[in-house]
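One-letter residues, chain by chain:
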Amino acid sequence: MPLLEETTLPQEHPPTFPVVIIGNGPSGICLSYLLSGYKPYLDTATVHPNPILYRKLQEAKHLPITEQDMEYLSEGLEGRSRNPVAVLFDTLLHPNADFGYEFPPVLKWRKDKNQQIPHLVLGKGTPGGAWHAMEGSMLTVSLGIWMELPGVNYRDLTNGQRRDVTSDRATPEEISSYYKDYVKLKGLQKNFVDNTYVTSVQKLFRGNELDGLENGQNDQRMVEGGNGRFEENGKECENNGGGGGTLWEVRGYRQVQSDTHVPFSLFAENVVLATGASDSPVRLGVEGEDLPFVFHSISDLGLAVSQGKLDVNSDPVLVVGAGLSAADAVLCACNSNIRVLHAFRKNIDNQDLIFKQLPKTLYPEYHKVYNMMSSQTCTNVASSSSSNRPQAVSIATSVCAKMCPKPQFSAGSTTVDSGITLFPDYTSFPEHCVISFQSDMKCLLQGDNSLKAFKISMALILIGTNPNLFFLKDQGQYLGQDPTRPISCKQNPIDTNPYTFECTKEPGLFAMGPLVGDNFVRFLKGGALGIASCLLKRLKKRDKLISNGVKNFI
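Residues numbered from 1 in each chain as written. Predicted model: local features only at pLDDT ≥ 70, side-chain atom pairs only at ≥ 80, totals over all residues. Heavy atoms only, no water.

Novice: I tried to follow the nonpolar core on my own but got confused; where do I start?
Specialist: One recurring pattern in soluble globular proteins: nonpolar side chains tend to sit buried together. One finds Leu31, Leu273 and Ile494 to be the most contacted residues of the largest nonpolar core, which totals 77 residues. When residues in this core are grouped by element, the largest group, 10 residues, is from helix 11 (residues 521-541). Residues in contact with Leu273, not counting those within four places in the same chain, are Ile22, Phe471, Leu472, Leu479, Ile494, Leu509, Phe510, Ala511, Met512 and Leu515. Of all hydrophobic cores here, the second largest spans 34 residues; its members include Val330, Ile348, Tyr370 and Met372. (Core = buried A, V, L, I, M, F, W, Y, C linked by side-chain atoms within 4.5 Å. Buried < 20%, exposed > 50% of the residue type's maximum accessible area, 1.4 Å probe, protein only. Helix = DSSP H or I, 4+ residues; strand = E, 2+ residues; numbered from the N terminus. Contact = heavy atoms within 4.5 Å.)

Rendered as structure tokens:
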């Protein structure tokens, strides 16, 4: 999406909001719910299976969870998130879920109209975020009930739509519809601004400094907010509703009609980063990766199949990666009778493979892919041996000039011991990496000190995604646990306070969801709880909780 040249702004005095949330996926939706006056209390009619936690909850059962001590409540809890508040909120909503139980939540929700925090949720599309762009025929990794948000039962909204009564996994289409309906059912629409693109976030100090965070440059100009004004060059700054002496200026544009961009500028006392992690696919960084037949999204495969560009007579599709996205691509191609070459760096017995962590009964399709990865490995392909990895482009080009026959897999049968039927036109290449792609649609793989060349119809590079925080200085890299490396949801998440989710390096800036390592909806809701609790306590001290709604700022 092109960035807007913002030479003029739509308001002389941009409005100021206590909170601006960037991202309208499940993270932003859940936080909006908690900031809109909905408060979680212990349901005294229930008993939590953890006796220690239950005793703690009873000590202050007259208080909402958001007004209690997050550190005290989450102490000693264990779960599949590195964030203690995420584990706490998950066990309150889904007690003992990791043990296969489906106990009811121990929370009940009450709305207090006098305990709202005015806020905006800015999103590129409709509420639901990246879920609207996912392949609609796939099934979610998490159970449908784990995808639900507080206060609205997932099954109530999808009653009668389940394909298999023995499985509660859902399609992205069902989940995106649920999130969209959730916003309407809970009356949150007034807080959401759709089709909005943030291009700049700048921090303004109450004092002698005006520090621009966009592209690491200082912004030498005066800005005025609705509740006061912030100036440069040592002049005194005032803001009656400020967030501890700091304001954030958020700029961007809203796309209306088709190609019309309406610029906006506003101030926020607090900014929440809830942008997710699907913006920028991880690249291999090899020769030819920008050629037109090389893609980084499974949706491109679905589009090619639906348009008839791929069929049983096509050259094979190369899938690179050993995660669930790569497995989805393999299933999509195989179900369309398209030949598949599947290359990945790990050994098939590597314990870090995601398939090792998925129960076979819940995820039969992924275990089918894993069985093929194990049993249908390459054994008879034309190759050129090389003692060293080729470094020159000419070597790769010369090897790719040699056409190779269709690879043969090692298993002569299309079934495995478990009785699962496999696809015969699939070949896996464990411990292989891509060396290059060539303009004549040939690719070169390296593994076991040998090179293998194939002609393909399409390549799908599905090795993960990274967040895109281009609107922050150095793309937000300085916020990471290791400020010398780019932000990565798995390798280098944003460094935050474990109980408030406030960035350790930027007071007033919060992060949640995949940006702090919570990639599953089940756990990212904990970020909403931690942030809401922090803001409610902080603003309550300053008597800043307001019940009136959000005005239209665009």
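Novice: Honestly, the packing of aromatic side chains in this entry has me stumped. Any pointers?
Specialist: Two descriptors summarise a pair of aromatic rings, namely the distance from one centre to the other and the angle between the planes of the rings. The full count for this structure, using the stated rule, is 11 aromatic pairs. Each ring, one from Tyr33 and one from Tyr38, has its centre 4.2 Å from the other, and the planes form 15 degrees; the classification is stacked. Through a chain of ring-to-ring contacts, the aromatic side chains of Tyr33, Tyr38, Phe89, Trp109, Tyr178, Tyr179 and Tyr182 assemble into a single cluster. Directly above the ring of Tyr72 sits Lys56, whose terminal nitrogen or CZ lies 4.8 Å from the centroid. Between Arg110 and the ring centre of Tyr41, over which it is positioned, the NZ or CZ distance is 4.2 Å. (Phe/Tyr/Trp six-rings, centres within 6.5 Å; stacked < 30°, edge-to-face > 60°. Lys NZ or Arg CZ within 6 Å of the ring centre and 35° of its normal.)

Novice: Would you mind showing me how to read the confidence of the model for the protein chain here?
Specialist: Predicted coordinates in regions of low pLDDT should not be interpreted in detail. Of all residues in the protein chain, 72% have pLDDT values of 70 or greater, and the mean over the chain is 78. The low-confidence segment residues 162-166 (pLDDT under 50) makes eight contacts with residues lying over four places distant or belonging to another chain. The model gives residues 207-243 a pLDDT under 50, and that stretch makes 92 contacts with residues more than four places away or in other chains. (pLDDT = per-residue confidence, 0-100.)

Novice: Just checking my understanding: could you explain the pattern of salt bridges for this structure?
Specialist: Side chains that differ in sign of charge can pair as their charged atoms come close. Under the defined criterion, the tally for this structure stands at 10 salt bridges. When the shortest N-O distance is used, the salt bridge between Glu59 and Arg55 registers 3.0 Å. Residue Glu59 and its partner Arg55 are located together in helix 2 (residues 51-59), separated by four residues, close to a single helical turn. The class for Glu59 is partly exposed, based on a relative accessible area of 45%. Across the pair Asp440 and Lys442 runs a salt bridge, and its minimum N-O distance is 3.2 Å. A relative accessible area of 34% means that Asp440 is categorised as partly exposed. Among the residues examined, Lys442 registers a relative accessible area of 10% and is labelled buried. (Salt bridge = Lys/Arg side-chain N within 4 Å of Asp/Glu carboxyl O.)

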